[in-house]
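Residues per chain, in single letters:
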Amino acid sequence: MTGLELLGLLMLLVMLGAIFIGLPISFTLLFLAGVFGYIGMGERVLSLAYLQTIGIMKQDELVAVPMFILMGFICDEAGLMERLFRAFRDLFAPLKGALYVVVIVTATLFGIAAGTVGATVALLGIMAGPMMIRAGYDVRMSAGAIAAGGTLGILIPPSVMLVVMAPVLDISIIDLYAAAFGPGFLLSAMFIAYTLIRCHFNPQLGPPVPVEERPESMRIVLWECLVGLVPVTVLTVVTLGAILAGITTAAEAAALGALGAILLVIGYGRFTWDGLLKACYSTMATTSMVLLLAVASNVFGAVFAWLGTATWMTNALLASPLPAWGTMTLLLTLIFLLGWPFEWPAIVFIFLPMLAPVAKGLGYDMVWFGCIVAVVLQTAFLSPPVAMSAYYLKQVVKEWNLRLIYRGMADFMVIQVICVALVLIFPAIAMWFPGWLQARRDAERRAQIEYVMPPKVAAAAVVGGK
Amino acid sequence: QTPPKPILLKGQSTHPASANFHLIFKLWAETVEKMSGGRLKIETLPAGAIVPPFEVFDATSKNVLDVGMAPFGYILGRNTATIPMSHGPLFGMDGQDYWAWYYDGGGMKLLEEFYRDVLKLNVVGFPIPTDYPQGMGWFKKEINSLADLKGLKYRIYGIGAETYGRLGVSVVTIPGGEIVPAMERGVIEGAEWINCEEDKKLGLHQVAKHYYTPGMHEPVTGGQLIINGEVWKKLTPDLQEIIKVASVYATTQRNFSFNRETAHACQDLIKMGVQMHRTPDEILKNFLDEWEKIQGEYATKNPFYKKVIDSQKTYAEQIVPFKLSWFPPYNFAGEYYWKDKVYLQKK
Amino acid sequence: MSADTGASQPAGVANEFPHAFYAIIRAIDRFSDVTGKLIALTMLFLVVTISYEVVMRYGFNAPTVWVYESSFMANGAAFMLGCGYALYKGAHVRTDIYWENYSERTKGIVDMVSYILLFYPVMITFMLISFDNAWHSWDTGERSQESVWRVIMWPFRATIPLAAVLLMIQGVSEVLKCWYQIQFGREFEHKEKIEI
Ligand code: NA
Ligand code: NA
């Protein structure tokens, strides 16, 4: 290990300490990169910082970030989720543990349209929370279902986390999106199965919805379901369909999705200029925060690479005597542990670039790796002390105390870990869908280009071997 | 007496580790180390390791990198003179003549002036010609005349884009990685990339079956091996000479291999059923006519541009007619031996 | 999310700071709010132009030459310029693990120190180096190169020093708010945590 590599390691440790204290992450990263870079490489660090900044500003994939955020904000305002929630509540009313299922199904479907965890958890909390309290639902499991269900949107595409992760791992957003569907729906199914099974054996946990709160006719229920589902379907077809079919880039699809969401709001008669502008303002603040963090992390990462510490770390991890899957498990555990104190943006931007070369060096498919990391990161929302999901839930359902919410989330985190293990053992869970899309594309290509070889050309093509 | 500590330089290219362009860079560094008896060691990092590809010129100028390897195309927006300094019809010169212009026709002096006074980059550069020559590209349908090309959505780079654009072709410039999907979904109907070898890697034969060559826009792609000015000044004259000579050796050596690799790739494509055609002369002729008009405009607007093409013209005027007169036509003895192996039929 | 939470001096507080103290905060916040909202209109620009491009491409077989470059440049410029607004909105993330347990006064001190020690040196440096580069771009007449649009590049590069200036202006207001927090042991205004 050279002096410079050691300097880089020291920079990493100081950074960890500094952000633990609670200093604003972006400015801290820029500052430390500046100071340690200056020691290691002199004034040149300033140019390095500038070049990384302009590099991020020119990245065309990142246009998808504000567009997906905007789409999410507009969907939140459109009241799509309230509609979906009511429709499903009526549909599943007679079931034991109905409200758990309703919460998770609504969160899953809404995850396809948007996926801001805060908005999803808050809305589910406001709508489902009081209902669950009235119906005598188990507090732990209710809080857990809402907090965990609310995080599904970050995994199920479209998701801003996946959008920013793809360039970090140097893979296509399309592939990452396709891969995330499998684990996303699996997780949702596992959540539902878990709550239903527990309610089956202990009906006390989730009694059926009281008769007086049920709808009168099933026809109305079905109609509401249909109307509630239409907007989600439209948005899915417009955005995900366009991306997965390869018709548009992710940024283009996201812009169309935002436009689609605006049209839906107009269709629901809820459009106001004020609302639209507000969504733009919120989008601006969030985008600036995320992408400034991307800039700062890239500057930090570039200094880290320049000092040689990044390569040294990768080589050290690759040289470990563990088998490939052992090192992979170690990496995922590390990311999981980072998820307790940190939120996902810090992990994706700062730590993932340091760990990804190891996964690559071990020969793992980066799309699969990205997907499994996404599932692990989802737990960052559920792992205290920095558990955003609990924080949002506590804000809207004052009756539930934080300790009970944490206890409830812990059960769902176990399911989450099982899901990670499943994806680790059966990569097909993630890779089946992107593989199928690829096979379909290949078949279409073959159908488009039927090569007919003229015999003369074929003869001419035979030239001395390689 | 202990041997002096070796000088370590940090270098990065704009290309991934497997690309020919990066392989030249690597071979150059290895050669320098050998020739200097280990006194000079150069780290050759691939694209993105320290700075994004488009920033390599600036990074080397500011000494974030000691050494950079990048094509002039990556700073095309800085000055139109990057075009004749790196590609374009070049007044009939081929890749070899173009390289000769640098070392024998006054190009090196202009290059120095270009960096210092025009681009204002603090670097010393050496020309690294690669990938010569490039085809006109892939099309879904046969192209028999300029009329067939008009209105077509065609992905092409640099001066090709400017020129075909003026000829009424609907040109698009999208990055390499997006060409195949764009072609697949009909966003574009034609696309040029590099040549058989590189296009095959990209998968263009999976989305189009008609491949046309030659093009007039890129008889060669001029890369640049650049060394930070201050770093350069600190090197002893023998090390400076080693750097220069090694660049010539590494470029030639890799280009020999690349030529052979491309030949095999062309054969592979034909075996797969790709139809390779010679670009109709009419298209190439129109291209040159239009390009000369554009070039005239550039030259009026940009004095340095004029200086470069005047120098190239003077050189080409001596070399090209000489080679046309004195060198046996390539096809004469070539066809005597290999006529039935030629896979392109002139239209 | 009301825009002007910090605009007025909290009721029931002895006016120990001179009036100008609150006036400066108010003026700066207002400035960041207005500029930020103007910059946020870029979001609508992006939705409209990108959708237009897709429609032109598929509907009319006529892709534009300018949408591709203009969209990533608009995004890059907007997110940089929007950083000052994000600072005003309290959007720049920190790790809460210990932060939550600090007293308001400690929070004020930590923030004040990080503004003076981290934030300002970084921003001043950033402004200087990026100004230099924007100047270089202007000086050499740099144009874009990812398409044949060939738009001039210096305004895009100039957004970085400008962003640093906007951040530093809002920084003054934030430092004053820290000062208030240290003095009175309570937040000047509460900023909701922004999530993504
Ligand atoms: Na989502
Ligand atoms: Na956490």
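Procedures and definitions
Residues numbered from 1 in each chain as written. Chains lettered and ligands numbered in written order. Predicted model: local features only at pLDDT ≥ 70, side-chain atom pairs only at ≥ 80, totals over all residues. Heavy atoms only, no water. Helix = DSSP H or I, 4+ residues; strand = E, 2+ residues; numbered from the N terminus. Rg over C-alpha atoms; globule rule 2.2 N^0.38 Å. Contact = heavy atoms within 4.5 Å. Areas by Shrake-Rupley, 256 points an atom, 1.4 Å probe, with all protein chains shown as cover. Lys, Arg positive; Asp, Glu negative; His and termini not counted. Charge placed at Lys NZ, Arg CZ, Asp CG, Glu CD. Pairing = 2+ DSSP bridges. Axes fitted to C-alpha atoms, helices over the stretch in contact; angles between N-to-C directions. Core = buried A, V, L, I, M, F, W, Y, C linked by side-chain atoms within 4.5 Å. Buried < 20%, exposed > 50% of the residue type's maximum accessible area, 1.4 Å probe, protein only. Parallel < 35°, antiparallel > 145°, perpendicular 65-115°, else oblique. Buried area = accessible area lost by both parts, 1.4 Å probe. Salt bridge = Lys/Arg side-chain N within 4 Å of Asp/Glu carboxyl O. Polar contact = N/O pair within 3.5 Å; in protein donor to acceptor, adjacent residues only side chain to side chain. Disulfide = S-S within 2.5 Å. Arc of directions from axis to C-beta. Phe/Tyr/Trp six-rings, centres within 6.5 Å; stacked < 30°, edge-to-face > 60°. Patch = residues over 30% accessible without salt bridge, like charges linked within 9 Å, V, L, I, M, F, W, Y side chains within 5 Å. pLDDT = per-residue confidence, 0-100. Right-handed = clockwise from strand over helix to strand, strands pointing away.

Let's shift gears to the overall build of chain A. Regarding its fold elements, chain A presents 21 helices and 0 strands. Over its C-alpha trace chain A gives a radius of gyration of 24 Å, about what one expects of a compact globule, namely 23 Å for 466 residues. Dimensions along the principal axes, computed over C-alpha positions, put chain A at roughly 75 × 70 × 50 Å. Within chain A, residue pairs in contact and separated by at least 24 positions form 80% of the contacts whose partners lie at least 6 positions apart. Only carbon and sulfur atoms are counted for the fraction: they give 69% of the accessible area of chain A, which is about 16,800 Å². Here chain A contributes 24 positively and 24 negatively charged side chains, and the mean placements of these two sets differ by 4 Å.

On to the sheet that holds strand β9 (residues 210–213) of chain B, then. Residues and elements named next belong to chain B. Spatially, β7-β6-β8-β5-β9-β11 is the arrangement adopted by the 6 strands of the open sheet, whose pairing is mixed. Each edge of the open sheet is held by one strand with a lone partner, namely β7 (170–172) and β11 (275–278). Of the pairings in the sheet, the one linking strand β6 (residues 153–155) to β7 comprises 3 bridges and is parallel in character. In the sheet register, Lys153 faces β7, and the bridge partner there is Ser170.

A word on the sheet that holds strand β4 (residues 123–130) of chain B. All names here are of chain B. Read across the open sheet, the 5 strands follow the order β2-β1-β3-β10-β4; overall the sheet is mixed. At either end of the open sheet lies a strand with only one pairing partner, and these are β2 (40–45) and β4. The mean inter-strand angle of the sheet, taken between neighbouring strand axes irrespective of direction, is 20 degrees. Sheet analysis places strand β3 (residues 67–71) next to strand β10 (residues 221–228), joined by 5 bridges and oriented antiparallel. The residue of β10 that forms the bridge with Met69 is Leu225.

Ranked by size, the top nonpolar core spans 291 residues in total, and within it Met165(A), Phe369(A), Phe72(B) and Tyr164(B) carry the most contacts. For this core, the element with the most residues is helix α13 (residues 273–306) of chain A, which contributes 20 residues. Filtering out sequence-adjacent residues up to four positions away, Met165(A) remains in contact with Leu176(A), Val348(A), Leu352(A), Gly370(A), Val373(A), Ala374(A) and Leu377(A). Counting residues in each nonpolar core, the second largest holds 24 residues, with Leu27(B), Val67(B), Leu225(B) and Ile243(B) among its members.

So, about the packing of helix α4 (residues 64–78) of chain A against helix α2 (residues 42–59) of chain C. Direction vectors running N to C along α4(A) and α2(C) enclose 100 degrees, while the axes themselves pass 10 Å from each other. By the angle between their axes, α4(A) is roughly perpendicular relative to α2(C). Side by side, α4(A) and α2(C) meet where Pro66(A), Met67(A) and Leu70(A) of the first sit next to Met43(C), Leu46(C) and Val47(C) of the second.

Glancing now at the interface of chain A and chain C. Counting residues at the interface gives 68 residues for chain A, matched by 64 residues for chain C. On the chain A side of the interface with chain C, the three residues burying the most area are Phe27(A), Tyr50(A) and Met57(A), jointly 14% of the side's total. In this structure, the connection of chain A to chain C is made through 0 salt bridges. Applying the counting criterion to the chain A and chain C interface returns 8 residue pairs in polar contact (both at pLDDT 80 or more).

Scanning all chains against the criterion turns up 1 disulfide over all chains. Note on cysteine connectivity: Cys196(B) is disulfide-linked to Cys266(B), with sulfurs 2.0 Å apart. Measuring handedness by torsion sign, the sulfur bridge of Cys196(B) and Cys266(B) sits at about 85 degrees and is right-handed. Here Cys266(B) lies in helix α11 (residues 237–272) and Cys196(B) lies in helix α9 (residues 196–202), a separation of 70 residues in the sequence. Using a relative accessible area of 4% as the deciding quantity, one classes Cys196(B) as buried. What makes Cys266(B) buried here is its relative accessible area of 8%. Free cysteine Cys75(A): the closest other cysteine sulfur is in Cys280(A), separated by 14 Å.

Further remarks concern helix α14 (residues 309–318) of chain A. Residues and elements named next belong to chain A. Within the span of α14, buried status applies to Thr309, Met313 and Thr314. When α14 is viewed along its axis, its buried side chains cluster within an angular range of 135 degrees and face the same direction. On its buried face, α14 is in contact with α1 (3–21), α13 and α16 (344–361).

Our next topic: the packing of aromatic side chains. All names here are of chain C. All told, the structure shown has 54 aromatic pairs over all chains when counted by the stated rule. Between Tyr22 and Tyr180 the ring centres are 6.4 Å apart and the planes differ by 80 degrees, which places this aromatic pair in the edge-to-face class. In this pair, Tyr22 sits in helix α1 (residues 19–40) while Tyr180 sits in helix α7 (residues 154–184), placing the two residues 158 residues apart along the sequence. In this pair, the class of Tyr22 matches that of Tyr180, namely buried. With 6.4 Å between their ring centres and 20 degrees between their planes, Tyr22 and Phe188 make a pair best called stacked.

A few words on a nonpolar patch on the surface. Residues and elements named next belong to chain C. Taken together, Phe131, Trp135, Trp138, Ile152 and Trp154 make up a surface patch of nonpolar side chains, about 570 Å² in accessible area. Element by element, the count of residues in the nonpolar patch is highest for helix α6 (residues 104–139), at 3 residues. Relative to the elements of secondary structure, Trp135 occurs in helix α6.

This part covers the confidence of the model for chain B. Here chain B shows a mean pLDDT of 91. Residues at 70 or above account for 98%. Confidence metrics for the complex model read pTM 0.89 and ipTM 0.89.

All right, on to the environment of Trp344(A) then. Along the polypeptide, Trp344(A) turns up in helix α16. Each C-alpha atom of the pair Trp344(A) and Ala374(A) lies 9.1 Å from the other, and the pair is 30 residues apart in sequence.

The next thing to look at is the pairing of strand β1 (residues 7–13) of chain B. Residue and element names in this part refer to chain B. β1 sits mainly inside the fold: 5 of its 7 residues count as buried. Across 6 bridges, β1 lies against β2 in parallel orientation. Bridging across to β2, Ile7 finds its partner in Leu40. Between the parallel elements β1 and β2, the chain passes through helix α1 (residues 20–35) in a crossover that is right-handed. As paired strands, β1 and β3 are joined by 3 bridges and run parallel to one another. Bridge pairing in β3 links Gly11 to Val67.

What follows deals with the pairing of β3(B). Of all the 5 residues making up β3(B), 5 are buried; the element is thus mostly covered by neighbouring parts of the structure. Where burial is concerned, the two faces of β3(B) agree: the one with Val67(B), Met69(B) and Pro71(B) and the one with Gly68(B) and Ala70(B) are both buried.

It is worth spelling out the pattern of salt bridges at this point. With the rule as written, the count across this model stands at 35 salt bridges over all chains. A salt bridge links Arg44(A) to Asp66(B), with the nearest nitrogen and oxygen atoms 3.7 Å apart. Of this pair, Arg44(A) sits in helix α3 (residues 44–57) while Asp66(B) sits in the loop between α2 (56–61) and β3, on two different chains. Since its relative accessible area comes to 10%, Asp66(B) is described here as buried. In this structure, Arg254(B) engages Glu261(B) in a salt bridge whose closest nitrogen and oxygen atoms are separated by 3.3 Å. Residue class for Arg254(B) comes out buried when judged on its relative accessible area of 13%. Each of Asp29(C), Glu174(C), Lys177(C), Glu189(C) and Lys191(C) takes part in salt bridges that share partners, so that together they form one network.

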